[in-house]
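# A closer look at the structure
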Amino acid sequence: MRNRMNDGRLVAKLFIALAFVAGAVLPAAGAETADLSRVPQLKETAEQRDARMQWWRDAKFGMFLHWGPVSLSGKELSWGRNANRPWDISGVQTPRNSDPVYDNLYKQFNPVKFDADQWVKIAQDAGMKYMVIICKHHDGFSMYDSKLTEYDIMATPYGKDIIKQFADACHKAGMRLGLYYSTRDWYHPDYLVGDNKKYDAWYRGQVEELLSNYGKVDVMWFDHVGGQDWSKWKFDELFSMMYRLQPDLIVNNRAARFCGPRSRKDYGPATPELKKVTDGDFGTPEQAIGHMDLKNDWESCMTLVGGQWSWKPNGGMYSLDGTVNMLVNCVTGGGNLLLNLGPMPTGEIEPRQVTLLKQVGDWVKPRAEAIYGTRGGPLANGRWGGSTHRGNTVYVFAKEWQGDKLSLNGLPGKVTAAKKLVGGEAVSFQQKEKGIELTLAAGRRDPFYTVIALTLDNKP
């Protein structure tokens, strides 16, 4: 039984649900007149884009949080649901059916030890500058108080809005807030049924709730659609609404990902402009570090534990060395790292993960100058390490040396000084025609990477 059976909001939810069944279009369900003139991906100059993206490019390191009733089972979020996945990327899987165990886990979900402030503190201690939390995954369960469904956090024994607590904690601490939303939905009865108008209006209504009710949202992180026909989705109205509500929003590239066309019956994007809009602001390599790319914004999303996004009891976990490698390879390659944690069903983050993240933060802190606010390159990264730069300083992250020496080619200027970033010790160097040779004995190097600041006579 719901915790708020006498709450007037329940009556409103039931009214809205009935209206959707009847086919009515309600303002909260996306009665939006598309106005793409407000969408920055189409109208902003390069300078305006740089200004809008600056905080994200400076941040480098974020926390991803996959959480929900599934944590009670220890299985993967959505993918652990033993039911068909209608119109998923692997093809049509019909008939639509349910998993009576998975789909009822919410009735036991009571994370009484959830403390949003503590989660934000854990991220801050790790050196993370933004956080992205699951609001609805492919399993259709909403982790917030949605007026458009009864299948949400308010129907659990916990009965409190997780996303509100999380957003409030982020805002209070100055942490940038990102909201994840899966457009594809293997639970909702109207998902890709017929012309998809009911579901399309419904999910846009949920996105509107998220962007209206939780203060400033910095990132909207979508995760694919099913089907193959662009005519079944009003992406123009989606983006028009989002930027009406949150003009500075940054959006990933998955709002229309996996949408066809794959056959002659399927429609593609109505215009090239619509395709550009849905490509969003940054790429999202998953479970892999993106290739070095200094022209396009990208963010690798990686799991910390066991190759599973949601909580996996006793799952294998990355070492400190491995986690630092992920971060350095992203930063020197021109991208960001969004590192995922799966909180436990109690609402706590597993202690061993908290310990590791604190160790990451302890490594990052004395090297912050070489990470935050920098840009990748100019040196091509590789097994040897990589580089970042700011102004006329190039920060070399040196991992593999040839004895006591490291030869670097491709520096766009003359080096006037070299020093270890940690401790400030001078590093011997010899300028050569095509680069520079650094000399540093093994006993004077730092764990994992030795960061060396090179001062150039000009800006790279």
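Here is what the cut-offs are and how they apply
- Residues numbered from 1 in each chain as written.
- Predicted model: local features only at pLDDT ≥ 70, side-chain atom pairs only at ≥ 80, totals over all residues.
- Heavy atoms only, no water.
- Helix = DSSP H or I, 4+ residues; strand = E, 2+ residues; numbered from the N terminus.
- Buried < 20%, exposed > 50% of the residue type's maximum accessible area, 1.4 Å probe, protein only.
- Areas by Shrake-Rupley, 256 points an atom, 1.4 Å probe, with all protein chains shown as cover.
- Lys, Arg positive; Asp, Glu negative; His and termini not counted.
- Charge placed at Lys NZ, Arg CZ, Asp CG, Glu CD.
- Pairing = 2+ DSSP bridges.
- Axes fitted to C-alpha atoms, helices over the stretch in contact; angles between N-to-C directions.
- Parallel < 35°, antiparallel > 145°, perpendicular 65-115°, else oblique.
- Contact = heavy atoms within 4.5 Å.
- Right-handed = clockwise from strand over helix to strand, strands pointing away.
- pLDDT = per-residue confidence, 0-100.
- Salt bridge = Lys/Arg side-chain N within 4 Å of Asp/Glu carboxyl O.
- Core = buried A, V, L, I, M, F, W, Y, C linked by side-chain atoms within 4.5 Å.
- Expected span 1.5 Å × (residues − 1).

Helices and strands together make up the secondary structure of the chain, namely 10 helices and 15 strands. For the chain, the C-alpha atoms occupy an extent of roughly 75 × 50 × 40 Å along the three principal directions. Across the 460 residues of the chain, 55% fall into the buried class. For the chain, the accessible surface area stands at approximately 18900 Å², while carbon and sulfur atoms represent 52% of it. Taking the average place of the 58 positive charges on the side chains of the chain and the average place of its 52 negative ones, the gap between the two points comes to 2 Å.

This part is about the sheet that holds strand 13 (residues 428-432). One open sheet holds the 3 strands; their spatial order is 11-14-13, and the pairing between them is antiparallel. The open sheet has two edge strands with one neighbour each: strand 11 (405-409) and strand 13. Pairs of neighbouring strands in the sheet enclose a mean axial angle of 20 degrees, with direction left out of account. One ladder, built from 5 bridges, connects strand 13 with strand 14 (residues 435-439); its direction is antiparallel. From the neighbouring strand, Gln430 faces strand 14, where its bridge partner is Glu437.

Here we take up the packing of helix 6 (residues 197-213) against helix 7 (residues 235-245). Think of two packed helices as two axes; the pair is described by the angle between the axes and how far apart they sit. It is at 10 Å that the axes of helix 6 and helix 7 come closest, and there the two elements cross at 10 degrees. As summarised for this structure, helix 6 and helix 7 are arranged roughly parallel, according to the angle between their axes. Residues Tyr203, Arg204, Val207, Glu208, Leu211 and Ser212 of helix 6 lie in contact with helix 7, whose contacting residues are Phe235, Glu237, Leu238, Met241, Met242, Arg244 and Leu245.

What follows covers unusual backbone geometry. The omega angle of the peptide bond from Gly377 to Pro378 is 15 degrees, so this bond is cis rather than trans. Counting through the fold element by element, Pro378 comes out in the loop between strand 8 (375-376) and strand 9 (385-390). The backbone of Ser78 sits at a positive phi, close to 70 degrees, despite the residue not being glycine. On the secondary structure map, Ser78 appears in the loop between strand 1 (61-65) and helix 4 (116-126).

Turning next to the pairing of strand 3 (residues 176-181). Across the 6 residues that make up strand 3, a large majority, 5, are buried. Regarding the hand of the β-α-β motif, the stretch spanning strand 2 (residues 130-136), helix 5 (residues 162-173) and strand 3 is right-handed. Both strand 3 and strand 4 (residues 219-222) contribute to a ladder of 4 bridges, which runs parallel. Residue pairing for strand 4: Tyr181 is matched across the bridge by Phe222.

In this section: the environment of Cys330. Within the secondary structure, Cys330 sits in helix 9 (residues 320-332). For Cys330, a relative accessible area of 0% gives the class buried. For the pair Cys330 and Lys420, spaced 90 residues apart in sequence, the C-alpha to C-alpha distance is 21 Å. What Cys330 contacts, discounting residues up to four positions off in sequence, is Ile289, Trp298, Ser300, Gly335, Asn336 and Leu337.

Right, let's talk about the confidence of the model for the chain for a bit. Scored by pLDDT, the chain has a mean of 92; 93% of the residues are at 70 or more. Under a pLDDT of 50 for its full length, residues 20-30 has, in the predicted model, 23 contacts with residues more than four places off or in other chains.

With that settled, consider the sheet that holds strand 7 (residues 336-341). Ordered in space as 5-4-3-2-1-7-6, the 7 strands form an open sheet in which the pairing is parallel. With one partner strand each, in any of the chains shown, strand 5 (250-251) and strand 6 (299-303) form the two edges of the open sheet. Two elements, strand 1 and strand 2, share 4 bridges in a ladder whose sense is parallel. In the sheet register, Phe64 faces strand 2, and the bridge partner there is Val132. Against the sheet, helix 9 engages strand 1, strand 6 and strand 7, with an angle of about 150 degrees to strand 7.

What follows deals with the pattern of salt bridges. Under the definition given, this model contains 34 salt bridges. Where Asp321 meets Lys399, a salt bridge forms, and the shortest distance between an N and an O atom there is 3.6 Å. In this pair, Asp321 sits in helix 9 while Lys399 sits in the loop between strand 10 (393-398) and strand 11, placing the two residues 78 residues apart along the sequence. The exposure class of Asp321 is partly exposed, given its relative accessible area of 29%. Across the pair Glu437 and Lys432 runs a salt bridge whose closest N-O atoms are separated by 3.5 Å. Using a relative accessible area of 13% as the deciding quantity, one classes Glu437 as buried.

This paragraph deals with the nonpolar core. Met131, Val207, Met220 and Met242 are the most contacted members of the largest nonpolar core, which has 93 residues in total. Within the second largest apolar cluster, 20 residues are counted, among which are Leu77, Tyr130, Ile134 and Phe282.

To continue, consider the environment of His224. Secondary-structure assignment places His224 in the loop between strand 4 and helix 7. Residue classification places His224 among the buried residues on the basis of a relative accessible area of 8%. C-alpha of His224 to C-alpha of Leu249: the two residues are 25 residues apart in sequence and 18 Å apart in space. When near neighbours in sequence (up to four residues on either side) are disregarded, His224 contacts Thr183, Arg184, Arg254, Arg257 and Phe258.

Its 13 residues give helix 9 an end-to-end C-alpha distance of 18 Å, which sits within 8% of 18 Å, the value for a rise of 1.5 Å per residue. Extensive coverage of helix 9 is indicated by the burial of 10 of its 13 residues. Where helix 9 ends, the next residue or the one after it, Gly334, has phi of about 95 degrees, a positive value.

The next point concerns the side chain of Lys420. Looking at the element boundaries, Lys420 is found in strand 12 (residues 415-420). Using a relative accessible area of 6% as the deciding quantity, one classes Lys420 as buried. Setting aside residues up to four positions removed in sequence, Lys420 forms contacts with Glu425, Val427, Leu440, Arg444, Asp446, Thr450, Val451 and Ile452.

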